[in-house]
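Coordinate analysis (summary)
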Amino acid sequence: MRLYNTMTRQKEELVPITEGHIGMYCCGPTVYQFAHIGNMRTYIFMDILRRAIHHNGYTLTHVMNITDVGHLVSDADDGEDKLEKSAKSQNKTPWEIAEYYTGVFMRDIAELNVARPELTPKATEHIPEMIEFVRGLIANGYGYETSDGIYFDVQKLPDYGKLSRANLEDQIAGARVEVNLEKRHPADFALWKKAPPEHIMQWESPWGMGFPGWHIECSVMSRKYLGDKFDIHTGGVDHIPVHHENEIAQSEGYLGHSAVNFWVHGEFMMVDGGKMSKSLGNVYTVEELKARGYSPLHFRYLCLNAHYRNKLNFTWEGMDAAKTSYERLAAAVHAHKGAGDVGEAALEDYKKQFFDAVDDDLNVPKALGILWNMVRSLEKSDEIYTLALEFDKILGLSLDIPPSDGDAGEIDAEVEALIEKRQAARKAKDFAESDRIRDELKAMGILLEDTKDGVKWKRG
RNA sequence: GGCGCCAUAGCCAAGUGGUAAGGCAGCGGACUGCAAAUCCGCGAUUCCCCGGUCCGAAUCCGGGUGGCGCCUCCA
């Protein structure tokens, strides 16, 4: 399969470092508040990549960090710890906050059919390794101490900025970061911070009590679980200029060589044409989607309809379209179940087209189109059903679950009585009355369908 | 000021040199007492604009215009 490598800015054939096996690290959540649907888009992308790797016959070790020690709130060198801020406002310890939001996150991704990575290490459980890593960087001449921490000396690394192709000198002019006079260069970043006494999360270190900088956990945990060189590193595009650039600097400064073969980044989700972010506060969560009558899989479908490297503009209109499409697709797939075989040679062709699309830098929108063509253009066949489920191993849309008939679920006596009454009116050809009752039920959120097998209803 | 992405029907969205996938919405028909649901049929002579290369361009090159992102925590 081919993947777009941000480092080289082109699609490249994925050739595993170890034959038959892929090591992948994905930047995970900072667990101090609810993850929003923009975050979820990235994890859905990560999940599709997982599935494609498996389909190509590789075994996979997938690591996703849980950041349970705060990144700082304002900028690189100062500010309040996010976890601590959240903890204070909720009167809980940072550990309680982290545990709670980790649980919510895991439940959310499970509902989105995002498989849990093999390893989900926590930053706070790797403090000794981080300290050791920082010591190694200092020993290699890349770290220096100031009054408030240990910093990475970016000027020691000639190709610093290569991932984002940023020019250090050009960046300085427009930089909005406050000048820290003790730093040797404005782009130098903290590896370890010395903690003020009121900082709740702090650990002993050779430099006194403190806590890790923002980027060190990824360098440390990816190396610990995947080795000095691994295949794929993913994350959101926002991480390209700072987080991943610094991670590269750390890993290369420590190891003396690059640690990652493929850098793969997922684009952002926008809301109503603009940016969605925690700091702007215009965020939605999976919970809110559910409250509005959409299932997590409706959202997954929405994400699958756009390529991971393109921005996806989230609107409620788009959400409606995704819901309708998803329900119809599931029904269309299911309509093939149990039908006689057609022995179509065309099936092989669909199969090839589908997986070719997936293997071409995860072109899932195209693959989805191929699935639609298949379920709609051929006569009914159980073979199509079986093949659709094979496609679903990539898509993860639970297409094997039969669409609900509507008739299931609780119904109260009042509604039941109205339906009976309407049936009686219809029988008596009092259509004015029967239509009136139908409208009344509609206002109550009950939609009726008169089928050959009698009246059916569903909530709408 | 620097770096980068994008621009395809009402909306979402594939397509990266060979003559415009797919979905949603809409319209027409079937079905229905009428609807709903479902099924069948229909939509871009054209891909933001202007030039250029080529037998041939939505796709490549040059120049515009417009939108967005990053350079500050952020998926």
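Residues numbered from 1 in each chain as written. Chains lettered and ligands numbered in written order. Predicted model: local features only at pLDDT ≥ 70, side-chain atom pairs only at ≥ 80, totals over all residues. Heavy atoms only, no water.

**Here's the deal with unusual backbone geometry**
One non-glycine residue with positive phi stands out, namely Arg 9, at about 60°. By secondary structure assignment, the location of Arg 9 is in the loop between β1 (2-5) and β2 (10-13). Phi at Asp 361 takes a positive value of approximately 55°, unusual for a residue other than glycine. Take Asp 361: it is sitting in the loop between α11 (346-359) and α12 (364-377). When its relative accessible area of 0% is taken as the criterion, Asp 361 is described as buried. (Helix = DSSP H or I, 4+ residues; strand = E, 2+ residues; numbered from the N terminus. Buried < 20%, exposed > 50% of the residue type's maximum accessible area, 1.4 Å probe, protein only.)

**Section: α12**
The first and last C-alpha atoms of α12 sit 20 Å apart over 14 residues, in line with the 20 Å expected at 1.5 Å per residue. Capping the start of α12 is the job of one residue whose side-chain oxygen sits 3.2 Å from the backbone nitrogen of Lys 366: Asn 363. (Expected span 1.5 Å × (residues − 1). Polar contact = N/O pair within 3.5 Å; in protein donor to acceptor, adjacent residues only side chain to side chain.)

**Considering the nonpolar core**
One finds Ile 232, Phe 299, Phe 314, Leu 329 and Leu 362 to be the most contacted residues of the largest nonpolar core, which totals 86 residues. Ranked by residue count, the leading element in this core is helix α1 (residues 37-55), at 10 residues. If sequence neighbours within four positions are ignored, Phe 314 has contacts with Ile 37, Met 269, Met 270, Val 271, Asp 272, Tyr 284, Leu 289, Phe 299, Leu 302 and Met 319. Ile 131, Tyr 142, Trp 192 and Ala 195 belong to the second largest nonpolar core, which has 25 residues in total. (Core = buried A, V, L, I, M, F, W, Y, C linked by side-chain atoms within 4.5 Å. Contact = heavy atoms within 4.5 Å.)

**So, the sheet that holds strand β12 (residues 274-275)**
As summarised here, the arrangement of the 3 strands in space is β12-β11-β13, forming an open sheet in which the pairing is mixed. Where the open sheet ends on each side, the last strands, each with one partner, are β12 and β13 (312-314). The pairing of strand β11 (residues 269-271) with β13 spans 3 bridges and is classified as parallel. Looking across to β13, one finds that Val 271 is bridged to Phe 314. (Pairing = 2+ DSSP bridges.)

**Focus: the confidence of the model for chain A**
Within chain A, residue pLDDT values average 87, and 91% of them lie at 70 or more. The weakest mean pLDDT in chain A belongs to helix α5 (residues 168-174) at 56; the strongest belongs to strand β4 (residues 59-64) at 97. Under a pLDDT of 50 for its full length, residues 173-177 has, in the predicted model, 2 contacts with residues more than four places off or in other chains. Interface confidence in the predicted complex, given as ipTM, is 0.93; pTM for the same model is 0.92. (pLDDT = per-residue confidence, 0-100.)

**Quick notes on the pattern of salt bridges**
Evaluated as defined, the whole model comprises 26 salt bridges. Residue Glu 118 is joined to Arg 50 by a salt bridge in which the shortest nitrogen-to-oxygen separation is 3.2 Å. A residue pair is termed long-range when its members are at least 10 positions apart, and Glu 118 in the loop between α3 (94-111) and α4 (127-139) and Arg 50 in helix α1 qualify at 68 residues. Taking relative accessible area as the criterion, Glu 118 reaches 39% and is therefore assigned partly exposed. (Salt bridge = Lys/Arg side-chain N within 4 Å of Asp/Glu carboxyl O.)

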